[in-house]
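An overview of the molecular structure
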Amino acid sequence: MSDDRPNPEALLAAIQQREAAQRRGRLKVFFGMAPGVGKTYAMLAAARRERAAGRDVVIGYVETHGRKETDALAEGLPVVPRHELEHRGVRLSEMDLDAVLARRPQLVLVDEFAHTNGPGSRHPKRCQDVLELLAAGLDVFTTLNVQHVESRAEVVRQITGVPIRETVPDTALNGADFELVDLPPEELRARLAAGKIYLPESARTAQEHFFRPGNLSALRELALRFAAEHVGQDVLAYRQAHGIADPWKSGQRLLVAVSPSPTSAALVRWTRRLAGELQAPWLAVYVELPRPLDEPEQSRLARHLALARELGAEIITTTDDDVVRGILRAAREQNATQLVVGKPAGWQALDLWRGGSVLNRLIRESGCIDVHAVRAQEGQTVAARSRPLHFAKPDRRGYLVALGVVAAVTGLNALLQHWLGYQSLALVYLLSVVTLAMLVSRGPTLAAATLTALLWDFLFVKPYYTFWIGGATDVMLFLTYFVVALAMGHLTARLRAQQAAERHREERATALYLFTRELAGAADYADLLAIVIREAGRVFAAEVALSLPEELPGTPPTPYFASTWALGEKEQGVALWAFRHRQPAGRGTDTLPMAEGLHLPLVAGERAVGVLSLRFRAGAPLAPAQREVLDAFVRHIALVLDRERLREAEQQAKLLAESERLSQTLLNSISHEMRTPIAVITGAVGNLGAPTAGGTAGLQQTMVGEIQEAAGRLNRLVGNLLNMTRLESGHVKARPDWCDVADLIQTTLHETGKELARHRLTVDVAPGLPLARLDFALMQQALSNLLLNAAAHTPAGTPVQLSARRDDGGLTLAVADGGPGLPAEVLPRVFEKFYRAPNAPVGGSGLGLSIVKGFVEAQGGRVSAANRAGGGAIFTIWMPPGPPPNVAEEAAS
Amino acid sequence: MNDTPARKPTALVIDDEVQLRRLLRVCLEANGYRVVDAAAGQEGIVAAAQSRPDVVILDLGLPDMTGVQVLQRLREWSRVPVVVLSVRDREEDKIAALDAGADDYVTKPFGTGELLARLRVAQRHAQPGPEPGVFRAGALEVDLTARVVRLKGREVKLTATEYSLLRLFVQHAGKVLTHRQILREVWGPRALEQTHYLRVYIAHLREKLETTPAEPRLIVTESGVGYRLMEEP
């Protein structure tokens, strides 16, 4: 890494962190090496200073253990009452998280960061409560001992021999300020001796062991180093932000191999420490083998992976039938430079069979990757090796099948031995073993191989009914048979396992691919959501609920109606938590694990766009591989939903802009259109009322005519506005009825005759037009508007032609004019609301033609505008054909 | 106007717009009516009972009840002719009012001449008395007793349905008839939806009776509502 420019990804991460920090509250940790160094005291003292500076400080949870000095400090600080709960007769009191959140102070004091909450609390651990407070924007002061830091717990256990139960993940400390509360070991011991350190009676002996001078020195060093390292990380983040140096000085990438083995947890912690020291990113890989894991193994594995995730590792799972190959492939794909594996605790007989021990093969095949073999802890490995290697669960059905086949083939051989020699019978047995290997798992196959060898020897090799084998050839034959049968069985079974693993991997890839394809094919948003629910339910065998926030930002998500799982109030609460905190919650997670289902937030960028909740039909949590697919699903769903949301937002913005433009046009146009006739009327009325001017009858006549025309114009405008409103609000419902087209045209002309008086009007109705099914009133209005439009936009004296004829079985009504025609840029927009052609004559609201379109389409027809070949514009209404009316004719009397 | 009534006819105006009531009062009084007015439906029904008007002008949009409700209440005890005032684009309201027993309608905004003509027709049809045996309008002559139709003096052959359609128009000359009213009278109560019969026979009648069938002056279309036989084409 010779590149001195800041890595853009690192920069982005730094910016994101800073942004997140601006919204999040700040965490300050009063950090010490052991109980009794005065962390709570230091925290309270600091809190008093904050309060003196005018900040709103409350005590969320502080345990003073009745120490006088500490009590005195806590005096006067407001306390949020604790949440009391009862568990199996024991009264527990915990911080009331919701009360603190509701109180919304600026700073909350929460003692004992590593505390484990009582059952029934929202989070299993107090540090999660604190993270929630921080996420809500509240600052928090807390206390912590070095032994409770996840990545240091193992070292502390090794130093002191005291097992550490309560730990906090290192990630919980990211971005926190540290204040080291230090005390020389002698003083601490003096305080202990003086009884100033609170210790529960039961733990006294263990704790006294803990406080040995040697231990305390080591713990002190550990605490100092951890605090220093933490400060180092802050500096690193600062340097990254300011592009001072390349982020990962060492250029190392660590990869630790994780398995269900109990030793894995120690491996993970070890790797975290090394990564911290090297300031290197690190990954944890789990190689999924073809053989299935049993339940305790699965939960152990899940714990190890969760531990690695908490400690800041990137998690990778991969499938292979060979651990070594899987680990090395992952290491190469991830560009790992150092590999951490467990050191096998004992001699494994089967290693030779597999071509050397895992460790030897790793070292041999790892090439340029360094391999750390870390010693597994004594006492912890026992559980790992207490189970047989291959016979995972007795495959009872397989053994029965094998037994049946062996019995049948033995019977067959008993018959065949009259015609065939005993050597041929061995071949028949061999055939049956090979066939079996294709049907059942490894165990039954190997059992059948052994059984058939013995049976063959016992029943068909002379001397009969003994295991004694006479000739050297027969011994040779027996041994060869035994080895060949075992090898065949083993190889076939292995092949099958490989195939199964391959199929499994393929299935996963296919599931994701199919899902992506299904989503891509969604017709609309509703379809998309339906597909998400259906596919997630199908692939994970679960009932699915999808919760989405309402339109308004900031509103809680509500379950989508098409969900297959109806969330109860409690589950909705869990889903809401997952949504608010953008973290998985419910079954199989750290938050509200008692919930019925797993609730996964759909996070895109910095925000949650919804929650996917699953209740698995099988009841058991998902295997890591499945969980990985689910995570991929969820990421994809979030992306798709977010894209959809953005698209909608964009459309909303567009609509908004459009409606603003429209209302502006409306105001301009309507104010002009209304004021003009009103001005005419008031003017004319003023003239009529004036005693001097109102004299002549001719002038009066003119004035009255003007008033009438203006009133007509106003009336038409109001009519158009009302029609437009009815159209917009969807209140226009066509009531189609049989109509005489000639009658329709005549009625229309009768209504609009006055306005068309200055044009040469011709009417061309094709003879013998059948009755048409349309809404008379709507169509008349549409035709009127077309005629008025023609009259308004063409010079006086030009022709206007109204025609009606049959066309494609339907009816065509056309209004053609002899005016200048429509410019090319006007044509596509001519039916738009409030659209007025740039060169249009003064007057007109731009509503008439859009009403025509609305009314015609309400009747199932189409309207179009075009320029005529001979000049002028033509507007055409086309109504589709309907069934002809049936009218019985009668003769004249 | 040929027969001046001995006493002034009374017109009841039910409309909530004070300006419109004022205008109608001036206009009607100038044309020989005594005017009573009411601003709401309930008030209008009371006024109708007290002043026994000869004709009612009823606005369909009233504050307390709909015009159609007022009409239904009136029709429970009175056969007074009612002319409805309505806005242009609510054809269904007009039809509902006519079907509920209104005699005619006038669309707002209206000309006073048009309103007065409608009032006269409505009043005339409400008056008891022998039907005139022969109806004349322009070149058309319909002898209802002899069942003979003449156009410019020459007899016109009509089918039975055409004749009963024409007779219905003549009996309600000048009044609007809704599609349903015509269909019920001519084709029977089960033919109320068979509007295509009506269209076809109207076209036939126009073909036989109008001077220029493409521009009918005798049987005119009331858009979306029905037809009207004009007395003075």
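Residues numbered from 1 in each chain as written. Chains lettered and ligands numbered in written order. Predicted model: local features only at pLDDT ≥ 70, side-chain atom pairs only at ≥ 80, totals over all residues. Heavy atoms only, no water.

Some remarks on the overall build of chain B
The criterion, for reference: Where helices and strands are cited, they refer to DSSP runs of H or I of at least four residues and of E of at least two residues respectively, numbered from the N terminus. Throughout, a contact is declared for two residues whenever any of their heavy atoms are within 4.5 Å.
Regarding its fold elements, chain B presents eight helices and 12 strands. Sequence separation of 24 or more characterises 57% of the internal contacts of chain B that already satisfy a separation of 6 or more.

A word on the overall build of chain A
Let me state the cut-off plainly: Surface accessibility in these figures is a Shrake-Rupley result with a 1.4 Å probe; residues are shielded only by whichever protein chains are displayed.
Within chain A, the regular secondary structure consists of 26 helices and 24 strands. Across chain A, contacts joining residues at least 24 apart in sequence account for 70% of those joining residues at least 6 apart. On chain A, roughly 45500 Å² of surface is accessible, and the fraction owed to carbon and sulfur atoms is 57%.

Some remarks on unusual backbone geometry
Short version of the rule: Partly exposed describes any residue whose relative accessible area lies between the buried limit of under 20% and the exposed limit of over 50%, with all areas from a 1.4 Å probe on protein chains only and scaled to the type maximum.
Here the phi dihedral of A:Tyr465 falls at roughly 55 degrees; this positive angle occurs in a residue that is not glycine. Relative to the elements of secondary structure, A:Tyr465 occurs in the loop between α18 (442–460) and α19 (472–520). Here A:Tyr465 falls in the exposed class, since its relative accessible area comes to 57%. Even without glycine at this site, B:Arg52 takes up a positive phi of about 45 degrees. Within the fold, B:Arg52 resides in the loop between α2 (41–51) and β3 (55–59).

Some thoughts on the interface of chain A and chain B
Which entries qualify depends on this criterion: Buried area is a sum: the accessible area each of two parts loses on coming together, probed at 1.4 Å, counted once for each and added. One side-chain nitrogen of Lys or Arg within 4 Å of one carboxyl oxygen of Asp or Glu is enough to make a salt bridge. Counted as a polar contact is a pair of N or O atoms within 3.5 Å, where, for protein atoms, one must be capable of donating a hydrogen and the other of accepting one, and residues adjacent in sequence contribute only when both atoms are in side chains.
Counting residues at the interface gives 26 residues for chain A and 29 residues for chain B. Around 2200 Å² of area is buried between chain A and chain B when both sides are counted, 46% of it from carbon and sulfur atoms. Linking chain A to chain B there are three salt bridges. The partner of B:Arg206 in a salt bridge is A:Asp743, and the shortest N-O contact between them spans 3.1 Å. At the junction of chain A with chain B, the criterion picks out five residue pairs in polar contact (both at pLDDT 80 or more). Counting only elements with at least two residues in the side of chain A that touches chain B, the list comes to α23 (697–728), β18 (737–739), α24 (741–752) and α25 (776–793) of chain A.

Some remarks on the pairing of strand β8 (residues 148–151) of chain B
Residues and elements named next belong to chain B. Counted only if it meets this: Strands are treated as partners if at least two bridges between them are detected by DSSP.
For strand β7 (residues 140–143) and β8, the ladder comprises four bridges, and the chain directions are antiparallel. Its bridge partner being in β8, Asp143 is matched across the sheet by Val148. The antiparallel hairpin formed by β7 and β8 contains four residues in its connecting segment, where Arg147 sits at a positive phi of about 55 degrees. Note that β8 and strand β9 (residues 154–155) share two bridges and pair antiparallel. What sits directly across from Arg150, in β9, is Glu155. Once β8 ends, the chain turns through two residues before running back antiparallel as β9, passing Lys152 with a positive phi of about 50 degrees.

Considering helix α17 (residues 422–439) of chain A
Just so we agree on the cut-off: Multiplying one less than the number of residues by 1.5 Å gives the expected span of a helix.
The terminal C-alpha atoms of α17(A), which comprises 18 residues, lie 26 Å apart, in line with the 26 Å expected from a rise of 1.5 Å per residue. Looking at α17(A), one finds that the buried residues are A:Leu425, A:Ala426, A:Val428, A:Tyr429, A:Leu430, A:Ser432, A:Val433, A:Val434, A:Leu436 and A:Ala437.

Side note on the environment of B:Thr145
All names here are of chain B. One can find Thr145 in the loop between β7 and β8. Sequence-wise, Thr145 and Gly133 are 12 residues apart; in three dimensions their C-alpha atoms are separated by 6.0 Å. A polar atom in the side chain of Thr145 sits 2.7 Å from the side chain of Asp143.

Let's talk about the pairing of strand β2 (residues 34–38) of chain B
In this structure, strand β1 (residues 10–14) of chain B lies alongside β2(B), joined through five bridges in parallel fashion. Directly across from B:Val13, in β2(B), lies its bridge partner B:Asp37.

Topic: the sheet that holds strand β11 (residues 338–343) of chain A
Residue and element names in this part refer to chain A. The criterion, for reference: For helices, the fitted line uses only the C-alpha atoms of the stretch in contact; every axis is such a line through C-alpha atoms, and the angle between N-to-C directions lies from 0 to 180 degrees.
A sheet is described by the order of its strands in space; here five strands give the open sequence β10-β9-β8-β11-β12, paired in parallel fashion. Across the chains shown, the open sheet's two edge strands, defined by having one partner strand only, are β10 (314–319) and β12 (370–375). Sheet twist, expressed as the mean angle between neighbouring strand axes with direction ignored, is 30 degrees. Across six bridges, the pairing between strand β9 (residues 282–288) and β10 is parallel.

Concerning the pattern of salt bridges
Residue and element names in this part refer to chain B. One pass over the structure, following the stated rule, counts 43 salt bridges over all chains. The partner of Glu114 in a salt bridge is Arg118, with the nearest N and O atoms 3.6 Å apart. Of the two residues, Glu114 and Arg118 both sit in helix α5 (residues 112–126), four residues apart, roughly one turn of that helix. According to the relative accessible area criterion, Arg118 is buried, its value standing at 14%.

With respect to the packing of helix α6 (residues 160–171) of chain B against helix α7 (residues 179–187) of chain B
Residue and element names in this part refer to chain B. The condition is simple: Comment on the angle field: the value is read as roughly parallel under 35 degrees, roughly antiparallel over 145, roughly perpendicular from 65 to 115, and oblique elsewhere. For any pair of crossing helices, the crossing counts as left-handed if the nearer helix is rotated counterclockwise from the farther one by less than a right angle, and right-handed if it is rotated clockwise. Each residue is assigned to one of three groups, with Ala, Val, Leu, Ile, Met, Phe, Trp, Tyr, Cys and Pro labelled nonpolar, Asp, Glu, Lys and Arg labelled charged, and all others, Gly among them, labelled polar.
At a minimum axis distance of 10 Å, the contact between α6 and α7 shows a crossing angle of 130 degrees. For the element pair α6 / α7, the angle class is oblique. In this structure, α6 crosses over α7, and the sense of that crossing is right-handed. Packed against α6, whose contacting residues are Thr161, Ser164, Leu165, Leu168 and Phe169, the element α7 presents Ile182, Glu185, Val186 and Trp187 at the interface. In the contact of α6 with α7, the residues fall into six nonpolar, two polar and one charged.

Here we look at the packing of α25(A) against helix α26 (residues 848–858) of chain A
Residues and elements named next belong to chain A. In contact at an axis separation of 9 Å, α25 and α26 are set at 150 degrees when each is read in the N-to-C sense. On the basis of the axis angle, α25 is roughly antiparallel to α26. Crossing geometry of α25 relative to α26 is assigned as left-handed. Across from Leu778, Met779, Gln781, Ala782, Asn785, Leu786 and Asn789 in α25, the residues of α26 making contact are Gly848, Leu849, Ile851, Val852, Phe855 and Val856. Considering only residue class, the contact of α25 with α26 consists of nine nonpolar, four polar and no charged.

Brief notes about the confidence of the model for chain A
The condition that has to hold: Residue-level confidence of the predictor is what pLDDT reports, using numbers from 0 through 100.
Of the residues in chain A, 86% have a pLDDT of 70 or more, and the chain-wide mean is 79. Within the model, pLDDT remains below 50 along residues 243–250 of chain A, and this stretch shows 17 contacts once partners closer than five positions in the same chain are excluded.

Comments concerning the sheet that holds strand β23 (residues 862–867) of chain A
All names here are of chain A. Spatial strand order, β19-β21-β22-β24-β23: five strands in an open sheet with mixed pairing. A strand with exactly one partner marks an edge of an open sheet, and here the two such strands are β19 (760–765) and β23. Strand-to-strand, the axes of this sheet are offset by a mean angle of 15 degrees, without reference to chain direction. As paired strands, β23 and strand β24 (residues 873–879) are joined by six bridges and run antiparallel to one another.

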